[in-house]
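A closer look at the structure
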Amino acid sequence: MTSELSLFPGWPPAPDPVFFAGLALVVAGLFGELCYRKLRLPRIIGYAAVGLVGGTFGLSSMLDAQTSAAVRLLIDLALGLLLFELGSRLNLKWMRANLWLIVSSAGEALLTFVAVFATLSFFSIEPLTAVLIAAISMATSPAVVIQLKNELRAEGQVTERLLALAALNSIYSVVAVKLIYGWMHQAYHTSLSVTLLHPLYLLVGSCVLAWLLAKACNFLFRSFGGQDHHAFVMLLGLIMLTVALVHMLRLPNSLTLLLAGVIFKNLEERPQLWPAYFGTAGWLLAVVLFVLTSLAFQWHYVLVGGVAAFAIILVRGVAKVAGVLAFARPAGISYKQALALGLSLCPMASLAFVLMADTYDIYPQFDEALRAVVMCAIALLQLVGPLVVYWALALAGERKD
């Protein structure tokens, strides 16, 4: 028989994770508005700062295994939607008309990879760990780029190229990491089939699932109209189903959703417009994404990888600027615009976090230096990166805020 006392709450009351999640969103929203209205800084900085403070006070340690899995699923969903939007902004016809854009993108990504790997080798980081961090470092944060583009109402050559290069170097980064998994398998397994077939399965499976999602979205938009809010609800449902399938099939969520957006944009002669209804949902997802990513940071990572992280942030920024400047004239932009574009490519956040977390999902015993260096770089660049983009777009004269 139920005790009468059990009908009343215990004392002191024990809040569940939903309470802390709601509190974090309220505080992040308020601090983001404070940054924007009073300090004239991007809201993203406020979101990331709240996550760092929450992690400092041990909020992440309150999450049990079940809640942590739900948090990861939420991160994948939020990042997946933003990656789908970023992919849907990549116009392949423009790429074909100006091949120097692809050359510029490949150049900055390759130079970033080489520079980061060389720097980590100088710090005596294990070669496999250094290669993984170098591959992760190629990517520009899709969430930062999209949210700042919307917040600053930026338009122009630099902004459009920023979206294109962020989409491309994100693809390079994810593909490179999945291919490096073959090297990891060789270190942990003796089976040649695992070494060869697993990276192939990840890449081919992502392409197939991305094509199916893009076809379904195009059918949906043809049938109901791209700006209909009922169609947008179904679009969200399709993306959520895809994220669920990605988890079931153990495929890379980031590559699948990014490729789906690219195919969705370029599959038909008349490309679909991204629905206006995504604006409010996009801001909510941005708050969730930046708070949760920063929440995972722990200060002891600084002791393990802080110096190396600071070094790769510097060389990564120089490599991206140099790579874009090298092909500025053939690509059709001035050196001033190229400088602004190269600086705008520096943010590194949620995608890097997911790629790092995916690695530990497969091999929990992997070198802890990977987590320490990547998390230190993310923590700093989530605070500094938006400021750099903010100033760079002002330099290019494309901010409309």
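Residues numbered from 1 in each chain as written. Predicted model: local features only at pLDDT ≥ 70, side-chain atom pairs only at ≥ 80, totals over all residues. Heavy atoms only, no water.

You'll find the protein chain entered in an unreviewed UniProt entry as Sodium:proton exchanger, with Pandoraea terrae given as the organism. Listed in UniProt under the heading Subcellular location (unreviewed entry), the comment for the protein chain reads: "Membrane". (UniProt positions renumbered as here; feature names shortened; annotations may be inferred.)

For the rest of this paragraph, the subject is the side chain of Arg43. Structurally, Arg43 is set in helix α2 (residues 43–56). Excluding residues that lie within four positions of it along the chain, Arg43 makes contacts with Gly32, Glu33, Tyr36 and Glu151. (Helix = DSSP H or I, 4+ residues; strand = E, 2+ residues; numbered from the N terminus. Contact = heavy atoms within 4.5 Å.)

This brings us to the packing of aromatic side chains. If you walk through the whole model with that rule in mind, you get six aromatic pairs. Plain terms: the ring middles of Phe297 and Tyr301 are 6.2 Å apart, the flat faces sit at 70° to each other, and that makes the pair edge-to-face. By the burial criterion, Phe297 is buried, and Tyr301 matches it. One aromatic cluster is present, built from ring pairs that chain together Phe297, Trp299 and Tyr301. A cation over an aromatic ring shows up here: Arg40 above the ring of Tyr36, its NZ or CZ 5.0 Å from the ring centre. Here the guanidinium or amino end of Arg399 rests over the ring plane of Tyr390, the centre of that ring lying 3.9 Å away. (Phe/Tyr/Trp six-rings, centres within 6.5 Å; stacked < 30°, edge-to-face > 60°. Buried < 20%, exposed > 50% of the residue type's maximum accessible area, 1.4 Å probe, protein only. Lys NZ or Arg CZ within 6 Å of the ring centre and 35° of its normal.)

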